[in-house]
Each structure stands twice: as C-alpha cells, then as structure tokens.
Amino acid sequence: MHEVTSPQAFDGLRLHHRTVRRPDLTVATMDHNVPTTSGPVTDEVSARQMQALQRNTDEFGITVYPWGASGQGIVHVIGPEMGYTQPGMTIVCGDSHTSTHGAFGALALGIGTSEVEQVLATQTLPQAKPKWMDVTVDGELPSDCSAKDIILAIISTIGTGGGVGHVM
Amino acid sequence: MTVCNMSIEGGARAGMVAPDDTTFAYVEGRPHAPKDAAWERALEHWRSLATEDGATFDNEVTLDATSLRPYVSWGTNPAQSTTIDGSVPVPSSPEAERALTYMALEPGTPIRAIRPDTIFIGSCTNSRIEDLRAAAEVVRGRKVKDGLRALVVPGSVAVKLQAEREGLHDVFEAAGFEWRGAGCSMCLGMNPDILGPGDRSASTSNRNFEGRQGKGGRTHLVSPRVAAATAIAGHFTRPEDL
C-alpha cells in the first residue's frame, strides 16, 4: 500500500473497530507524494498523507518504508526487488499499475480504497472470473527496441479498451 | 514488468507472464524470497504455473517482434502512438482531433521533428536499474541539449544506491541530467515534479492523459533509450541516430 489510497481504508477499520487480519502479509511504502529532492514536504495534503501512513502502519503493526529510508521506493519497484513479489501469489494494491507484479506469474490487481479496507480486514476480495487474452510476441526484438515498445505496440493494436474484462 | 505494468492501459484487469528460469533467478536471494528447503519447494510449485497445453483463450493477439520499431505516443492515451519513423496522423475521430489540439500538434509532422522541453526517466514503468543502465549507456560522454530540463528518478532507494555504485549518477549528471531521490515523481503530477502549462515531455512513464504530469502538460510516452537519446538531440530520436 501507499500513502494516497490508504488513509480512508484505515479510518474505516477504526470506525468499525476492526483490526488488520494479516499485517504479516501487508507492506507499505511512500511514493506518490514524496519529493525527489531533499525536501522539505511543502504541500500540506502530501505531508498529512505521509504522516497518516506512518501513524496507521504503526497502529496496525504493518511494515512501512518511509520517505528516504532504506527500502523506500515506488510500490511496484520495491515489491519485486525485495522478493515480496513471488510467482503464484495474489497481490492487490490501491494503485492501477499493480499489474506490474504479474510479470512474476502472480495475479496482481489494482483496487480501490474501499477494497483496500476490505482486504485489510478480511484478506479476501470477491472477484468476477475474468476472460483471458493470449498475447504472443514472436521472434527476436530489434536491438533498438525494448519492453516499452512491445507494450505500446500491443496497446496500439488492441486499443485502450481492447483488454477490458480480461487478464492479458 | 514494463509490459505487465502497462497491460492495464490496454483496458486489461491484469497482465501476467508465466514464470520461468529468468524469473526464478531474479527472485532467488532477495530478502523476502524463500530460502533453502522452502526455496526448493517453492521452485517445484512455481514450475507448475506455466500455461497448460491446450489452454483456450477468449481472445488472441499475435505480434511479430522482428517488425517492431521504437514507439512514441502523439496523443492523450497510450494507444495514440506511432513509431519513431512515423508522423502525427490525420485525426480519424473527434477524440483524436481533441488530442492533437491539446498536444498542439499538426497532422503530418514527423515524430522526429517534435521537440520536447522536458525529459523524465522514471516511474513504475521504467525506473529499475536495467532502465537506468540502458539510458546511461546512451548519454555517456554526451550532453543534454541546451535549454532542456532532464530528470532521472530511480524507482527506489535501492535502485538509486545500486546506480551510484555503478557510477551511473556521474554519467547522468555530467550530461546535464538532474539525479533525484526515489518516488513516483513526474509520472503523475502529485508532488513537486510537474510539467507547467504547455510544457512538452518525453517521458518513460505510463499515462499521457490530459494534465497527467501537471495541468496543461503534454506527455509523449517513450522507452528509456529513446528518452535518453531525445535529451541529447533535443527532438525525438533513437540512440542509433545520434
């Protein structure tokens, strides 16, 4: 989890006197709002959200990587790099680009803040069965191309709605 | 990771690649990866996660990798992209027309003639050590075009430290890039790193929606190598053309 889509989820837990079911399977970092300079954090909302994440993770016993600390970074970068992300896992985060972790053969879904609250409380999330889209990239990639060009080519081919309802 | 990261920009609920030996080698030895006997058990399970023979799909797409070219987005969604050799298209829909107006681009303009004023190398799409190495290789011994603002933002503190051990920060700084701390940065306009109104970026991030990188900002999505080469040339280009 990160600082932007988690504060209301924790507020919801407190409101209903619930705890986090599996703090040992939950990890948090600060990424969206943090300055990439030495700071300080001048934006009030950003500062509040960063403080809230620190407070909430302290209260509920969740590992957090605060701004500038060893281990901190973009949630979809630190998950794989620290080995949190593993094949066969089901991974959710309140962020669209959670799909990144699918590169490891994990089912990784971006979810909304109310779903974050549900997962924190129950470690479950009802999901409709998705359709499956098979994407085959055949042959050797030219030396001036990269993964970015593959995915931009796929999206240009299928369109921004081409994958709706599917796991790709 | 870059491919799965942007699978959702094609509307998908998620993206997935079957794990293989490359995946296992990446995971092995990381702080939270299974160890010893647990690693062996995990490997056995993970090897069973490949697509079954005879699996059926609701949809199938095939791309010929050998015919791919470096891509550059021209519009305000990631599907509005063409190759580096292409031109800004004649709009075929009101959405495309609106996109060109927002992007201040004329149909027929060669992609290579478009001149960004900002270069952003970073985001969850392209800020891993491999991305930074690829970009550094391009800028090594060269200079960022005068007047350009160019940022490199490592995806994590660990990536930053690794890059610094490899001397990549020196390569970027000597070329005129700003070397920053870890975060989402200019991908999403939620922190001090933003585009101003009318600013035009070559960005390794994932979304080029109106205002994504800051109100009125114009985003072109590219790979780290193209972003790096564009920083040097001052217009969209490939490293091979420098």
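The structure displayed is predicted, hence computed values, not measured ones.

Draft legend 1. The arrangement of the overall build of chain A in detail. Counting its secondary structure elements, chain A contains five helices and six strands. Secondary structure elements of chain A, listed N to C terminal, follow the sequence α-β-α-β-α-β-β-α-β-α-β. In terms of overall dimensions, chain A has C-alpha extents of about 50 × 40 × 30 Å along its principal axes. The buried share among the 168 residues of chain A stands at 54%. Long-range pairs, those at least 24 residues apart, make up 60% of the contacts in chain A between residues at least 6 apart in sequence. For chain A, the computed accessible surface area is about 7000 Å², with 52% contributed by carbon and sulfur atoms.

Draft legend 2. Up close: the overall build of chain B. Broken down by element type, chain B carries eight helices and eight strands. In terms of overall dimensions, chain B is globule-like: its C-alpha atoms have a radius of gyration of 20 Å, near the 18 Å expected for 242 residues. If you line up chain B on its principal axes, its C-alpha atoms span 60 × 45 × 35 Å. By residue count, 57% of the 242 residues in chain B fall in the buried class. Taking the intrachain contacts of chain B between residues at least 6 apart in sequence as the baseline, contacts between residues at least 24 apart amount to 64%. Of the side chains in chain B, 26 bear a positive and 31 a negative charge, and the two mean positions are spaced by 7 Å.

Draft legend 3. The environment of leucine 13 of chain A, seen in detail. Mapping leucine 13 of chain A onto the fold places it in helix α1 (residues 7-15). For the pair leucine 13 of chain A and leucine 120 of chain A, spaced 107 residues apart in sequence, the C-alpha separation works out to 8.2 Å.

Draft legend 4. Geometry of the sheet that holds strand β1 (residues 59-64) of chain B. Ordered by their spatial adjacency, three strands build an open sheet running β6(A)-β5(A)-β1(B), and the pairing between neighbours is parallel. Every other strand in the sheet has two partners, leaving β6 (166-167) of chain A together with β1 of chain B as the edge strands with one partner each. Strand direction decides the pairing type here: strand β5 (residues 131-138) of chain A and β6 of chain A, joined by two bridges, are parallel. When the bridges of β6 of chain A are listed, tryptophan 132 of chain A appears paired with valine 167 of chain A. Helix α5 (residues 147-158) of chain A contacts β5 of chain A together with β1 of chain B of the sheet and is inclined by roughly 130 degrees relative to β1 of chain B.

Draft legend 5. Spotlight on the interface of chain B and chain A. Across the contact, 82 residues belong to chain B and 82 residues belong to chain A. For the pair chain B and chain A, the two sides together bury roughly 6700 Å², of which 63% comes from carbon and sulfur. Our enumeration of links across chain B and chain A arrives at two salt bridges. Salt-bridge contacts for arginine 69 of chain B lead to aspartate 144 of chain A; the nearest nitrogen and oxygen are separated by 3.0 Å. At the junction of chain B with chain A, the criterion picks out 46 residue pairs in polar contact (both at pLDDT 80 or more). Those elements that place two or more of their residues in the side of chain B that touches chain A are α1 (2-5), α2 (21-27), β1 and α6 (157-165) of chain B. Grouping the amino acids of the side of chain B that touches chain A by side-chain chemistry returns 39 nonpolar, 28 polar and 15 charged. Looking at chain direction, β5 of chain A and β1 of chain B are connected through six bridges and run parallel. Paired with aspartate 138 of chain A across the two strands is aspartate 64 of chain B, which belongs to β1 of chain B.

Draft legend 6. Local environment of unusual backbone geometry. Here the residue pair glycine 39 of chain A and proline 40 of chain A is connected by a cis peptide bond, since its omega of 0 degrees sits within 30 degrees of zero. With respect to the secondary-structure elements, proline 40 of chain A resides in the loop between β1 (27-29) and α2 (44-60). Phi at alanine 104 of chain B is positive, roughly 55 degrees, even though this residue is not glycine. Its identity is not glycine, yet serine 123 of chain B carries a phi of approximately 85 degrees, on the positive side. Along the chain, serine 123 of chain B turns up in the loop between β4 (118-121) and α5 (129-139). What makes serine 123 of chain B buried here is its relative accessible area of 1%.

Draft legend 7. Main features of the sheet that holds strand β8 (residues 218-221) of chain B. Residue and element names in this part refer to chain B. Read across the sheet, five strands follow the order β6-β5-β4-β7-β8 without closing on themselves; strand pairing throughout is parallel. Unpaired on one side and paired on the other, β6 (178-179) and β8 mark the two borders of the sheet. Two elements, strand β5 (residues 149-152) and β6, share two bridges in a ladder whose sense is parallel. Residue pairing across strands places valine 152 opposite tryptophan 179, the latter belonging to β6.

Draft legend 8. Spotlight on the side chain of threonine 98 of chain A. Residues and elements named next belong to chain A. Mapped onto the fold, threonine 98 is located in the loop between β3 (90-93) and β4 (107-110). What makes threonine 98 buried here is its relative accessible area of 0%. One polar contact links the side chain of threonine 98 to the main-chain carbonyl oxygen of aspartate 95, over a distance of 2.5 Å. Look past the residues within four positions of threonine 98 in its chain and what remains in contact with it is His76, Ile91, Val92, Cys93, Ala108, Leu109 and Gly110.

Draft legend 9. View of the nonpolar core. One finds Ile119, Ile121, Leu132, Val139, Phe172, Phe177 and Phe236 of chain B to be the most contacted residues of the largest nonpolar core, which totals 52 residues. Apart from the residues within four sequence positions on either side, phenylalanine 177 of chain B is in contact with Ile119, Ile121, Val139, Val144, Ala150, Leu151, Val152, Phe172 and Ala231 of chain B.

How each quantity is defined
Residues numbered from 1 in each chain as written. Chains lettered and ligands numbered in written order. Predicted model: local features only at pLDDT ≥ 70, side-chain atom pairs only at ≥ 80, totals over all residues. Heavy atoms only, no water. Helix = DSSP H or I, 4+ residues; strand = E, 2+ residues; numbered from the N terminus. Buried < 20%, exposed > 50% of the residue type's maximum accessible area, 1.4 Å probe, protein only. Contact = heavy atoms within 4.5 Å. Areas by Shrake-Rupley, 256 points an atom, 1.4 Å probe, with all protein chains shown as cover. Rg over C-alpha atoms; globule rule 2.2 N^0.38 Å. Lys, Arg positive; Asp, Glu negative; His and termini not counted. Charge placed at Lys NZ, Arg CZ, Asp CG, Glu CD. Pairing = 2+ DSSP bridges. Axes fitted to C-alpha atoms, helices over the stretch in contact; angles between N-to-C directions. Buried area = accessible area lost by both parts, 1.4 Å probe. Salt bridge = Lys/Arg side-chain N within 4 Å of Asp/Glu carboxyl O. Polar contact = N/O pair within 3.5 Å; in protein donor to acceptor, adjacent residues only side chain to side chain. Nonpolar A, V, L, I, M, F, W, Y, C, P; charged D, E, K, R; others polar. Core = buried A, V, L, I, M, F, W, Y, C linked by side-chain atoms within 4.5 Å.

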